[in-house]
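Examining the three-dimensional arrangement
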Amino acid sequence: MKLTDQEIAEQLRQLPGWRREKDTITKTFRFSAYMDGIRFVQQVAEAAETLNHHPDLTIGYCAVTVSLTTHDSGGITQKDFTLARQIESIHIL
Ligand SMILES: C[C@H](O)[C@H](O)[C@H]1CNC2=NC(N)=NC(=O)C2=N1
């Protein structure tokens, strides 16, 4: 289930701003207003529930850091990249 280092590197190249930190992939999203970040979190949470795959989220002022790993597998799996791509398609108007 866990992806190889090579597979992880290949998929990260398709995901702008995401980087690997040990057994997670992570990205910080920045917003012009605090509540835009909160609205983003709401949509991330809905995507997570739909996929039954949940990120760790750090909410800051006008910034949200998303961190993904597959706890059941103890590392990075395809599920992490599937959710990352879903998150990339979220746009806060
Ligand atoms: C029972 C339920 O399917 C599991 O606990 C799911 C829930 N969400 C999850 N989220 C993440 N990031 N990793 C998991 O292994 C995981 N497992």
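Presented here is a report on the structure given in the accompanying data block.

What counts as what
Residues numbered from 1 in each chain as written. Predicted model: local features only at pLDDT ≥ 70, side-chain atom pairs only at ≥ 80, totals over all residues. Heavy atoms only, no water. Patch = residues over 30% accessible without salt bridge, like charges linked within 9 Å, V, L, I, M, F, W, Y side chains within 5 Å. Areas by Shrake-Rupley, 256 points an atom, 1.4 Å probe, with all protein chains shown as cover. Salt bridge = Lys/Arg side-chain N within 4 Å of Asp/Glu carboxyl O. Helix = DSSP H or I, 4+ residues; strand = E, 2+ residues; numbered from the N terminus. Near = heavy atom within 4 Å. Polar contact = N/O pair within 3.5 Å; in protein donor to acceptor, adjacent residues only side chain to side chain. Nonpolar A, V, L, I, M, F, W, Y, C, P; charged D, E, K, R; others polar. Contact = heavy atoms within 4.5 Å. Core = buried A, V, L, I, M, F, W, Y, C linked by side-chain atoms within 4.5 Å. Buried < 20%, exposed > 50% of the residue type's maximum accessible area, 1.4 Å probe, protein only. Pairing = 2+ DSSP bridges. Axes fitted to C-alpha atoms, helices over the stretch in contact; angles between N-to-C directions.

**Observations concerning a nonpolar patch on the surface**
On the surface, a nonpolar cluster with roughly 470 Å² of combined accessible area is contributed by Y34, M35, I59 and Y61. Along the polypeptide, I59 turns up in strand β3 (residues 56-60).

**Looking at the site of the ligand**
Around the ligand lies a shell formed by N52, H53, H54, T69, T70, H71 and D72. Contact between the ligand and D72: an oxygen atom at 2.8 Å from a main-chain N or O atom of the residue. Taken together, the residues of the shell around the ligand break down into no nonpolar, 6 polar and 1 charged.

**Quick look at the environment of T65**
With respect to the helices and strands, the residue T65 is situated in strand β4 (residues 63-68). Along the primary structure T65 and R30 are separated by 35 residues, whereas in three dimensions their C-alpha atoms are 8.7 Å apart. Setting aside anything within four residues of it in sequence, one finds T65 in contact with T26, K27, T28, D56, L57 and T58.

**Describing the nonpolar core**
Counting 21 residues, the largest nonpolar core has W18, I25, F40, V66, F81 and I87 as the members making the most contacts within it. Only α1 (5-12), β2 (24-30), α2 (34-51), β4 and α3 (78-88) provide two or more residues apiece to this core. Apart from the residues within four sequence positions on either side, I87 is in contact with W18, F29, F40, V44 and V66.

**Regarding the pairing of β3**
Across 5 bridges, the pairing between β3 and β4 is antiparallel. What sits directly across from T58, in β4, is T65. Taken together, β3 and the strand that follows it, β4, pair antiparallel across an intervening segment of 2 residues, in which C62 is found at a positive phi of about 60°.

**Considerations on the sheet that holds strand β1 (residues 19-21)**
Spatial ordering of the open sheet is given by β1-β2-β4-β3, a layout of 4 strands whose pairing is antiparallel. The open sheet has two free edges, formed respectively by β1 and β3, since each of these has just one partner strand. Direction aside, neighbouring strands of the sheet carry axes that sit 25° apart on average. Inspection of the sheet shows β1 paired to β2 by 3 bridges, in the antiparallel sense. Within β2, the residue paired with R20 across the bridge is I25. Its contacts with the sheet place α2 against β2, β3 and β4, and it is angled at close to 170° to β3. Strands β2 and β4 of the sheet are contacted by α3, whose axis makes an angle of about 10° with β2.

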